[in-house]
Amino acid sequence: MQQMGRKKRVNSFIVIGMMVSLLSACSGNSSSESPAANAGGQVTPSESTSSKEPVELSVFVNHPWFPVKDWSGSIPEMITEKTGVKLKVTVAADDKQLPLMIASGDLPDLVFTSTNLDRLADPAVSYSWNELIEKYAPDFKPDQDRIAINTETDGNFYTIRNNFATQAEWDANPNASVSPGALGIRQDIMDALGKPALNNLQDLENILGQVKAKYPDMIPLMLDKNWGYYYLKQQFGIPTITTDLYEKDGKVSYYINHPKSLDYYKYINSLYRNEYITGENFAFKDTLRDNDYVLKGKVFAEADNTNDIDNMNSQIKLDNNAKLTQLVKPLGSDAKYYNASVGWSGVYITKENKNPEASIKFMQYMFSEEGQKLGLWGIEGKHYKWNNEGKYPELLYKQGDSDYINKEGIGFWGLMSNSAAIDIADPNIESSHVKKAAKDTMVLVPALGLLVPKSDSEEGVILSKLKEMISTEEVRIFMSDSEESAVKAYNDMLAKAEQIGLSKYEAWLNKKYEEVKPLFQK
């Protein structure tokens, strides 16, 4: 979820909403075990929830892009039937509302958010889930990894964030997918070039050269402002997307010190010096500029995320029906997908909550296997049916019908509790093969995701300065006029990082790492 623009994030979750309806856990209908199923357990209606009238709880969804504005449609109705709870929904107008609400103490029963987590994880503001579970839902047993990544310094956890999966869940769901950077290429042009081999990064560079020679008005390669660089880092085995950190021999370091970082910078510099990438590309301020070039047929290859390439293919209107074909096989011999995700958004049960018992039992159901499938996939027979093999649900509504999806709430209410491993690669969708291939290279390192200094701490200030400096110095490396100049620019960047305090930051990382590692070893 990191660094995605609002539009991309909406697109991503619309896709999730559609995709998860197509997919089941690997074991299929009769025996499938949903990721995080053990987080749920049997929900026993509370006295209040077993009454005829459902309990109404107010919820503030701190995501202004959230398209579902009320608790209506067959999925919310079914959730209410199962839990005895209905929600009165308020969606944030902007990112300033929640901080004001916390400051004033004027909070709803529930808050669903990915920001202001430290302010909500306060015993004066929210109930701890461990307290409520012990008192009202003792059979709700979140797994140890989820407890570890959500436990605060006071020993309590005040939410369980969504979009996280344990190693056991990934292992149990071999068809589960991730969201990597991807490379799309114009297949019509590849055909015109005689379908040259494309098995590694050198092959790519060779083909870009052929494109430049035969199609001088075309840009051989364009990089999305974020995902383009993510894709290339993945090929060199450099951590990206969910973390800038890596571990080697028990020591945690920042990515600019990664053994392959210089190779990564030299590769992009080579592409620039050969005029396969334009200098303008490095100055893009948003994630839409590259799309414009692609849609106008001015680009041969585009590095972006899988969903955005899918979306562009649905919009391309070129005379030759051209489209981008996504490469499935990684091009780098050291390709890795580092996954340090510790989850994204969580539901907080505030101290203003009028019914904590109903609230924790509601979340228990949403984290159960049944609750996740209902929230993410919809109702079997109404929103999907199982395919002949019983392994993948098939949509019973028009794919891409956002009005229907939003009206029913498909996918979106499941986000309150989804496991990352429930997003399964459907073989009927092209980009799923890319996601599955990236997942096969995944290195799961959630402990690194916890190494985040507070923004106002000395280490937080150092990290902020590092990122600002690197964003400038990287462009110098990319646009160097020779490989020797690129190497010098890279070494200059390391020297500046050291002056800013890189060693001090890495010392903090390693001290903190020793503290959090045991949390995942219980």
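Residues numbered from 1 in each chain as written. Predicted model: local features only at pLDDT ≥ 70, side-chain atom pairs only at ≥ 80, totals over all residues. Heavy atoms only, no water.

## Some remarks on the overall build of the protein
Part 1: Counting secondary structure elements, the protein contains 22 helices and 14 strands.
Part 2: For the protein, the proportion of its 522 residues judged to be buried stands at 59%.
Part 3: Long-range contacts, defined here as pairs at least 24 residues apart, represent 78% of the contacts in the protein between residues at least 6 apart.
Part 4: Taken as a whole, the protein presents about 21800 Å² of accessible surface, with 47% of it coming from carbon and sulfur. (Helix = DSSP H or I, 4+ residues; strand = E, 2+ residues; numbered from the N terminus. Buried < 20%, exposed > 50% of the residue type's maximum accessible area, 1.4 Å probe, protein only. Contact = heavy atoms within 4.5 Å. Areas by Shrake-Rupley, 256 points an atom, 1.4 Å probe, with all protein chains shown as cover.)

## Structural notes on helix α4 (residues 97–104)
Part 1: Listed in full, the buried residues belonging to α4 are Leu 98, Met 101 and Ile 102. Projected down its long axis, α4 shows its buried positions confined to an angular sector of 100°, all on one face. α4 presents Leu 100, Ala 103 and Ser 104 as exposed residues on the side facing more than 90 degrees away from its buried surface.
Part 2: Against the buried residues of α4 lie β1 (55–61), β3 (110–113) and α5 (117–120).
Part 3: Gly 105 sits one or two positions beyond α4 and adopts a positive phi of about 80°. (Arc of directions from axis to C-beta.)

## Points about the packing of aromatic side chains
Part 1: One pass over the structure, following the stated rule, counts 26 aromatic pairs.
Part 2: Seen in terms of ring centroids, Trp 71 and Trp 413 are 5.0 Å apart; in terms of plane orientation they differ by 65°. Their pairing is edge-to-face. Of this pair, Trp 71 sits in the loop between β1 and α3 (74–83) while Trp 413 sits in the loop between α17 (402–408) and α18 (430–439); the two residues are 342 residues apart in sequence, bridging distant segments of the chain.
Part 3: The class for Trp 71 is buried, based on a relative accessible area of 13%. (Phe/Tyr/Trp six-rings, centres within 6.5 Å; stacked < 30°, edge-to-face > 60°.)

## Quick notes on the confidence of the model for the protein
Part 1: Of all residues in the protein, 88% have pLDDT values of 70 or greater, and the mean over the chain is 87.
Part 2: Predicted confidence is poor over residues 1–41, with pLDDT under 50, and the contacts of this stretch with residues over four places away or in other chains come to 134 contacts. (pLDDT = per-residue confidence, 0-100.)

## Focus: the sheet that holds strand β5 (residues 219–223)
Part 1: Spatial strand order, β5-β8-β4-β9: 4 strands in an open sheet with mixed pairing. Of all strands in the sheet, those with a lone pairing partner are β5 and β9 (324–326), marking the two edges. Neighbour-to-neighbour, the strand axes of this sheet turn through a mean angle of 25°, independent of strand direction.
Part 2: Packed on one face of the sheet, helix α14 (residues 306–315) meets β4 (181–186), β8 (299–305) and β9 and runs near 135° to β8. (Pairing = 2+ DSSP bridges. Axes fitted to C-alpha atoms, helices over the stretch in contact; angles between N-to-C directions.)

## Observations regarding the packing of α3 against helix α16 (residues 369–377)
Part 1: Two elements in contact, α3 and α16, have axes whose closest approach is 9 Å; the angle formed by their N-to-C orientations is 160°. By the angle between their axes, α3 is roughly antiparallel relative to α16. When the axes of α3 and α16 are compared, the crossing they make is left-handed. Between α3, through Ile 75, Met 78, Ile 79 and Lys 82, and α16, the contact on the second element is made entirely by Glu 370, Leu 374 and Gly 375.
Part 2: The residue inventory of the contact of α3 with α16, partitioned by class, reads 4 nonpolar, 1 polar and 2 charged. (Parallel < 35°, antiparallel > 145°, perpendicular 65-115°, else oblique. Left-handed = near helix turned anticlockwise from the far one by under 90°. Nonpolar A, V, L, I, M, F, W, Y, C, P; charged D, E, K, R; others polar.)

## Some thoughts on the nonpolar core
Part 1: Counting 67 residues, the largest nonpolar core has Leu 183, Tyr 254, Ile 256, Tyr 264, Tyr 265, Phe 300 and Tyr 505 as its most contacted members.
Part 2: Counting residues per element, this core draws most heavily on helix α20 (residues 458–478), which supplies 7 residues.
Part 3: Setting aside chain neighbours within four positions, we find Phe 300 in contact with Gly 184, Ile 185, Arg 186, Ile 189, Met 190, Ile 207, Leu 208, Val 211, Met 218, Ile 219, Pro 220 and Leu 324. (Core = buried A, V, L, I, M, F, W, Y, C linked by side-chain atoms within 4.5 Å.)

## Looking at the sheet that holds β1
Part 1: Strand order in the open sheet formed by 4 strands is β2-β1-β3-β11, and the pairing between neighbours is mixed. The outermost strands of the open sheet, each flanked by one partner alone, are β2 (85–91) and β11 (346–349). Between one strand axis and the next, the sheet turns through 25° on average, direction left out of account.
Part 2: When β1 meets β3, the two strands line up parallel, connected through 3 bridges. Of the residues in β3, the one forming a bridge with Val 59 is Leu 110.

## Some details on the pairing of β2
Part 1: Only one face of β2 is buried: it carries Val 85, Leu 87, Val 89 and Val 91, and the other face, with Lys 86, Lys 88 and Thr 90, is open.
Part 2: In this sheet, β2 lies alongside β1 in parallel orientation, the contact comprising 7 bridges. Paired with Leu 57 across the strands is Leu 87, a residue of β2.
Part 3: In the classification by handedness, the crossover that spans β1, the intervening α3 and the parallel β2 is right-handed. (Right-handed = clockwise from strand over helix to strand, strands pointing away.)

## Section: the pattern of salt bridges
Close approach of charged atoms lets side chains of opposite charge pair.
Part 1: One pass over the structure, following the stated rule, counts 21 salt bridges.
Part 2: Note that Asp 109 is salt-bridged to Lys 354, the shortest N-O span being 2.6 Å. Here Asp 109 is found in the loop between α4 and β3, whereas its partner Lys 354 is found in the loop between β11 and α15 (356–367), with 245 residues between them in sequence.
Part 3: Relative accessible area serves as the criterion here: at 3%, Asp 109 is assigned to the buried category.
Part 4: Put simply, Lys 260 and Asp 334 hold a salt bridge, and the shortest N to O gap is 3.5 Å. Taken as a pair, Lys 260 in the loop between β7 (251–254) and α12 (261–273) and Asp 334 in the loop between β9 and β10 (337–339) lie far apart in primary sequence, 74 residues in all.
Part 5: The partly exposed category is assigned to Lys 260, whose relative accessible area is 30%.
Part 6: For Asp 334, a relative accessible area of 32% translates into the label partly exposed.
Part 7: Through salt bridges that share partners, Asp 143, Arg 146 and Glu 169 make up one connected network. (Salt bridge = Lys/Arg side-chain N within 4 Å of Asp/Glu carboxyl O.)

## Here we look at the environment of Val 178
Part 1: Mapped onto the secondary structure, Val 178 falls in the loop between α8 (167–172) and β4.
Part 2: Look at Val 178 and you get buried, because its relative accessible area is 5%.
Part 3: For Val 178 and Met 442, which are 264 residues apart along the polypeptide, the C-alpha to C-alpha distance reads 8.7 Å.
Part 4: Ignoring sequence-local partners within four residues, the contact set of Val 178 consists of Trp 170, Tyr 337, Lys 435, Ala 438, Lys 439 and Met 442.

## Brief notes about the side chain of Thr 159
Part 1: Within the fold, Thr 159 resides in the loop between α7 (144–150) and α8.
Part 2: Polar side-chain contacts of Thr 159 include one of 2.8 Å to the backbone oxygen of Val 347.
Part 3: With residues up to four places along the chain from it excluded, the contact list for Thr 159 reads Trp 129, Asn 150, Gly 346, Val 347 and Tyr 348. (Polar contact = N/O pair within 3.5 Å; in protein donor to acceptor, adjacent residues only side chain to side chain.)

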